[in-house]
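Working through the structure, step by step
Chain by chain, the residues run as shown.
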Amino acid sequence: MLSEETYQIHRTIIYCFVLFFEVFGLFGNINLVVLTIRKKSLRTEYGCILATLATIHTLCLLYELVDMSFSIAATFYSYKILRGVCFKAVFPYIFLNSMQTGTMWILSLDLLITIIFPLKSRHFNIPIYFSLLFFFPVVYGSTAVIFGYIYLDDETLPMCNPPSALHPIVQAQWYYFMMVFTILTVVFYTIALVLIYYKAHRHNSDIRYVERKALKTLKYLIFLFVMFRFITITIASVLIAVGVDKEIVALVQNYNVLAQIVAYSQNAYVCYYRSSEYRMLLSEQISKIHPKLVNILPKLSGESSIEGQQWHLSGVSIIQTKAFKPRLKSKSKQQNNLNDN
């Protein structure tokens, strides 16, 4: 059995890491949500789903502060964390955690639908379409909370977080369904990636600008999702399935928060690094908060210029028209000079 002194060390390690990403993640997610609200061109199906995910992640990050307060009380004030108290404090976080897993699946499904049905997807009834997409994540999150309450007990916990707040029976099922969502997410992203490669290699005339740019973004999204969510969820599910000691499982679940907190914080930064258009708009918005903040942002190659461009968001990217060539302007000026002479 792990001693209280040992868990004090684990709590300190975990929540020092969490505290850094609280600032890092909240700054990025809030800027991404505000940018989507401000810019009409970003409010497409994909843009709205991405903003919804950033909103859910923002709330998850705020609830991590609640988890941290329990750990501080247990570490420095000998507070005994009971599952009943923990569950009542973080049950909205259990729902949000479930929703963010489902929303990642929705992003992959929406991208796949956009690639397979590029014309039909533009004419979907957005409220009905979103209601259908979010139906399963809402049911998943609501069911976890309902059964978590039904099986509630007052067992003493080393740390308070969504997995530990659930009774082991509910927790096991919660992880299994989460693993199903993560597997489907990886499968849908992979299918979308294969389809884009197929179209590109066949020099298919219907491959769109959005698909060419998604080719680069997809590789990054799949890598991050596999690293930060799929592997950790799978490990926890396997440990539960093979009957590993529950204290070891609980410790692994507590350290899984490190991967979760990175996943909660990545949205705006993935957009910044992988999309020159999002990078330009985010830089512009951040400069309005304080001009010096822009100086700490990394300057990447291929920065987009507003001049001579039209912006239109479709799928995962903003489509731009070609900029007017300055040579035409100079030729016109030369012609005028000749006429004057």
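Every chain begins its residue count from 1, and numbering advances along the sequence as written. Given that this is a predicted model, residues contribute local features only at a pLDDT of at least 70 and side-chain atom pairs are listed and counted only at 80 or more, while totals for whole chains, interfaces and linings are drawn from all residues. Note that water and hydrogens are dropped before the side-chain values are worked out from all heavy atoms of the structure.

The next thing to look at is the pattern of salt bridges. For this document, the term salt bridge refers to a Lys or Arg side-chain nitrogen within 4 Å of an Asp or Glu carboxyl oxygen. A full pass over the atoms with the stated rule returns 2 salt bridges. Of the charged contacts, one joins arginine 83 and aspartate 153 as a salt bridge, the two residues approaching to 2.9 Å between their closest N and O atoms. Placement of the pair is arginine 83 in helix α3 (residues 83-116) and aspartate 153 in the loop between α4 (126-150) and β2 (156-157), with a sequence separation of 70 residues. Think of it in three bands: with a 1.4 Å probe and only protein chains considered, a residue is buried below 20% of the maximum accessible area for its type, exposed above 50%, and partly exposed in between. We classify aspartate 153 as partly exposed; its relative accessible area is 25%. Put simply, glutamate 155 and arginine 83 hold a salt bridge, and the shortest N to O gap is 2.9 Å. Separated by 72 residues along the polypeptide, glutamate 155 in the loop between α4 and β2 and arginine 83 in helix α3 bring together distant segments of the chain. Glutamate 155 gets classed as partly exposed once you look at its relative accessible area, which sits at 30%. Looking at arginine 83, the relative accessible area reads 4%, which means it is buried. Each member of the salt-bridge network shares a partner with another, and the members are Arg83, Asp153 and Glu155. Helix and strand labels come from DSSP, where a helix needs a run of H or I of at least four residues and a strand needs a run of E of at least two; each type is numbered from the N terminus.

Our next topic: the environment of leucine 281. Considering the arrangement of structural elements, one finds leucine 281 in helix α10 (residues 276-289). Leucine 281 sits in the buried class, given a relative accessible area of 10%. For leucine 281 and leucine 32, which are 249 residues apart along the polypeptide, the C-alpha to C-alpha distance reads 9.7 Å.

The next subject is the packing of aromatic side chains. Aromatic pairs are defined between Phe, Tyr and Trp rings, using the six-membered ring for Trp, whenever the two ring centres lie within 6.5 Å; interplanar angles under 30 degrees are classed as stacked, those over 60 as edge-to-face, and all others as tilted. With the rule as written, the count across this model stands at 19 aromatic pairs. In this structure an aromatic cluster arises from ring pairing among Trp105, Phe135, Phe136, Tyr140, Phe177 and Phe181. Cation placement over rings: the criterion is NZ of Lys or CZ of Arg within 6 Å of the ring centroid and within 35° of the ring normal. The residue whose ring lies beneath arginine 279 is tyrosine 272, and the NZ or CZ to ring-centre distance is 6.0 Å.

Let's shift gears to the UniProt feature "transmembrane region" (unreviewed entry) in the chain. The positions UniProt marks with the feature "transmembrane region" (unreviewed entry) are residues 12-34, 46-66, 102-119, 126-152, 172-198 and 218-244. Taken end to end, residues 12-34 comprises 100% helix and 0% strand; its first and last C-alpha atoms sit 33 Å apart. In this annotation, residues 126-152 is assigned 93% helix and 0% strand; the end-to-end C-alpha distance for the span is 38 Å. UniProt positions are given in the numbering used here, feature names are shortened, and annotations may be inferred rather than shown by experiment.

Our focus in this paragraph is the environment of glutamine 266. With respect to the element layout, glutamine 266 can be found in the loop between α8 (246-265) and α9 (267-274). Each C-alpha atom of the pair glutamine 266 and glycine 28 lies 7.8 Å from the other, and the pair is 238 residues apart in sequence. Two residues qualify as a contact provided that any one of their heavy atoms is within 4.5 Å of a heavy atom in the partner residue. Residue contacts for glutamine 266: discarding those within four places in its chain leaves Leu224 and Phe228.

Let's shift gears to the confidence of the model for the chain. Do not read the predicted coordinates in detail wherever pLDDT is low. Every residue is assigned a pLDDT by the predictor, reflecting its confidence on a scale from 0 to 100. In this model, the chain carries an average pLDDT of 79, and 81% of its residues clear a pLDDT of 70 or more. In this model, residues 302-331 is a region of pLDDT below 50 whose contacts with residues beyond four sequence positions or in other chains number 59 contacts.

This next bit is on unusual backbone geometry. The backbone phi angle of serine 78 is positive, close to 55°, even though this residue is not glycine. Mapping serine 78 onto the fold places it in the loop between α2 (45-76) and β1 (81-82).

With that out of the way, let us pick up a nonpolar patch on the surface. Distance thresholds for patches are 9 Å for like charges and 5 Å for nonpolar side chains (Val, Leu, Ile, Met, Phe, Trp, Tyr), applied to residues having over 30% relative accessible area and no salt bridge. Calculation of accessible area relied on Shrake-Rupley with a 1.4 Å probe; when residues are assessed, cover is drawn exclusively from the protein chains displayed. Nonpolar side chains collect at one region of the surface, where Ile146, Phe147, Ile150, Tyr151 and Ile169 lie side by side and expose about 480 Å² of accessible area between them. Considering every element that reaches the nonpolar patch, the biggest residue donor is α4, with 3 residues. Within the secondary structure, isoleucine 146 sits in helix α4.

Here α3 spans 46 Å end to end across 34 residues, near enough to the 50 Å set by a 1.5 Å rise per residue. Throughout, bend refers to the angle between the axes fitted to the seven residues that end at a position and the seven residues that start at it. Where α3 bends most, the angle comes to about 60°, and this point is valine 90, followed within four residues by the proline proline 92. In a helix, the anticipated span is given by 1.5 Å times the number of residues less one.

Okay, the state of the cysteines next. In plain terms, two cysteine sulfur atoms within 2.5 Å form what is called a disulfide here. In this structure the tally under the stated criterion is 1 disulfide. Paired through a disulfide, cysteine 86 and cysteine 160 show a sulfur-sulfur distance of 2.0 Å. Between cysteine 86 and cysteine 160, the disulfide has an S-S torsion of 90° and is therefore right-handed. Taken together, the residues cysteine 86 in helix α3 and cysteine 160 in the loop between β2 and α5 (162-165) connect sequence positions 74 residues apart. Here cysteine 86 matches cysteine 160 in class, with each residue buried.

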